[in-house]
Amino acid sequence: MYDALIIGAGASGLQCALVLGSAIKAPYARDKRIGIVMHQKSSHLQSALLNNVLGIASQTSGKDILIAGKQQLTTNYPHVEQITSEKVIAVEDHQGGYKITTNKSSYHSKIVVIALGYTDLFSIKGLLEFVEPHALSPLEKNRIQLKNIQHKIKPGLYVAGTLAGWRSQFAIAAGSGAQVATDILTLWNGGKHTKVHDKLVTS
Ligand SMILES: Cc1cc2nc3c(=O)[nH]c(=O)nc-3n(C[C@H](O)[C@H](O)[C@H](O)COP(=O)(O)OP(=O)(O)OC[C@H]3O[C@@H](n4cnc5c(N)ncnc54)[C@H](O)[C@@H]3O)c2cc1C
């Protein structure tokens, strides 16, 4: 049983995993089991070239960010379990939490973050009832979002990134993933608002 499982490893999913993983030293997060379904094949970053993202060198490809982001998670937060080569096909209510079914296996988690991007190829069982047209995209593009209030679909079920209804810019999607992570950390912290900051050590 996971405490939190992120589905999708593009801009929002990876950023969500990094912030959740970075809370490892906080007493409220120390014993939490965190995972991410590390599917990257259909991320919009696969075809992106990023020149306008703060802190990312010009001419960096989205593909490189996907590889580097996965490596950053492995190096800095190895306790975040990466589930590779699997595609999610269902997310369903199960005994107060969720059952996540992939093409190869199934998992249970108390909290699930859906970070699947806003492309209208959505056929995930258990989520279809929340699908609606993307409010901030041209209608003819057929983009979608999942009904949510401040990223929350219902207790324990969150959506992040473009699928949460945000416009498609890397910084916005990543920020949305970070916001969801801090919402989950706040929940684990008994409702007291929290975040994770590393500080320079001065001698
Ligand atoms: C051509 C192009 C150029 C761009 N250029 C810029 C730019 O210059 N500047 C900028 O700021 N932004 C740019 N973007 C936008 C940026 O790439 C997106 O805003 C960002 O990737 C959205 O992040 P996301 O997490 O919402 O979705 P994505 O990054 O698309 O991530 C969705 C993830 O879900 C996974 N997934 C999908 N289905 C499943 C499933 N069934 N099971 C498990 N996982 C699944 C995918 O593989 C993917 O990893 C560009 C996008 C494109 C397409």
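Quick look at the structure, then. Everything numeric here is computed off the predicted structure, so don't read it as measured data. (Residues numbered from 1 in each chain as written. Predicted model: local features only at pLDDT ≥ 70, side-chain atom pairs only at ≥ 80, totals over all residues. Heavy atoms only, no water.)

1. Thoughts on the overall build of the protein chain
On a plain count of helices and strands, the protein chain comes out with 3 helices and 12 strands. For the protein chain, whose C-alpha radius of gyration is 16 Å, the value lies close to the compact-globule estimate of 17 Å for 203 residues. If one aligns the C-alpha atoms of the protein chain with their principal axes, the spans along those axes are about 60 × 45 × 30 Å. Taken over 203 residues, the protein chain has a buried fraction of 46%. Within the protein chain, contacts between residues separated by at least 24 positions form 59% of all contacts whose residues are at least 6 apart in sequence. Surface accessibility of the protein chain: about 11,100 Å² in total, with carbon and sulfur atoms responsible for 53%. Counting 21 positive and 13 negative side-chain charges, the protein chain places the centres of these two groups 3 Å from one another. (Helix = DSSP H or I, 4+ residues; strand = E, 2+ residues; numbered from the N terminus. Rg over C-alpha atoms; globule rule 2.2 N^0.38 Å. Buried < 20%, exposed > 50% of the residue type's maximum accessible area, 1.4 Å probe, protein only. Contact = heavy atoms within 4.5 Å. Areas by Shrake-Rupley, 256 points an atom, 1.4 Å probe, with all protein chains shown as cover. Lys, Arg positive; Asp, Glu negative; His and termini not counted. Charge placed at Lys NZ, Arg CZ, Asp CG, Glu CD.)

2. What to know about the packing of aromatic side chains
Per the counting criterion, the structure on display carries 1 aromatic pair. Stacked on the ring of Tyr2, the Lys or Arg Arg33 has its end atom at 4.1 Å from the ring centre. (Phe/Tyr/Trp six-rings, centres within 6.5 Å; stacked < 30°, edge-to-face > 60°. Lys NZ or Arg CZ within 6 Å of the ring centre and 35° of its normal.)

3. Digging into the environment of Ile184
Inspection of the secondary structure puts Ile184 in helix 3 (residues 170–188). Residue class for Ile184 comes out buried when judged on its relative accessible area of 0%. Taking the C-alpha atoms as reference points, Ile184 and Val201, separated by 17 residues in sequence, lie 28 Å from one another. Other than its neighbours up to four places away in sequence, Ile184 contacts Leu20, Ile111, Val113 and Tyr158.

4. Comments concerning helix 3
Over its 19 residues, helix 3 extends 27 Å from the first C-alpha to the last, a length consistent with the 27 Å expected when each residue adds 1.5 Å. If you check which residues of helix 3 are buried, you get Phe170, Ala173, Ala174, Ser176, Gly177, Val180, Ala181, Thr182, Ile184, Leu185, Thr186 and Trp188. (Expected span 1.5 Å × (residues − 1).)

5. A word on unusual backbone geometry
Even without being a glycine, Gln59 presents a positive backbone phi close to 70°. Position of Gln59 among the secondary structure elements: in the loop between strand 3 (49–50) and strand 4 (60–61). Despite not being glycine, Gln150 shows a phi value in the positive range, around 45°. Given the relative accessible area of 70%, Gln150 is considered exposed.

6. Quick notes on the packing of helix 1 (residues 11–21) against helix 3
Where helix 1 contacts helix 3, the two axes come as close as 7 Å, and the packing angle between them is 35°. Handedness of the crossing formed by helix 1 with helix 3: right-handed. Residue-level contacts link Ala11, Ser12, Gln15, Cys16, Val19 and Leu20 of helix 1 to Phe170, Ala173, Ala174, Gly177, Ala178, Val180, Ala181, Thr182, Ile184, Leu185 and Trp188 of helix 3. Counted by class, the contact of helix 1 with helix 3 contains 13 nonpolar, 4 polar and no charged residues. (Axes fitted to C-alpha atoms, helices over the stretch in contact; angles between N-to-C directions. Left-handed = near helix turned anticlockwise from the far one by under 90°. Nonpolar A, V, L, I, M, F, W, Y, C, P; charged D, E, K, R; others polar.)

7. Re the packing of helix 1 against helix 2 (residues 62–76)
Between helix 1 and helix 2, the least distance of the axes is 10 Å, while the angle of their chain directions is 20°. When the axis of helix 1 is compared with that of helix 2, the two are roughly parallel. When you trace helix 1 past helix 2, the crossing you get is left-handed. Together, Leu14, Ala17 and Leu18 of helix 1 and Leu66, Gly69, Lys70, Gln72 and Leu73 of helix 2 make up the contact between the two elements. Split by residue class, the contact of helix 1 with helix 2 holds 5 nonpolar, 2 polar and 1 charged. (Parallel < 35°, antiparallel > 145°, perpendicular 65-115°, else oblique.)

8. Focus on the site of the ligand
Around the ligand, the surrounding shell holds 31 residues, and the nearest of these are Ser12, His39, Thr162, Ser168 and Phe170. Measuring from an oxygen atom of the ligand, one finds a backbone N or O atom of Ala9 at 3.5 Å. At 3.4 Å from an oxygen atom of the ligand is found a main-chain nitrogen or oxygen belonging to Ala115. When contributions to the shell around the ligand are tallied by element, the ones reaching two or more residues are helix 1, strand 3 and helix 3. Grouping the amino acids of the shell around the ligand by side-chain chemistry returns 14 nonpolar, 15 polar and 2 charged. (Near = heavy atom within 4 Å. Polar contact = N/O pair within 3.5 Å; in protein donor to acceptor, adjacent residues only side chain to side chain.)

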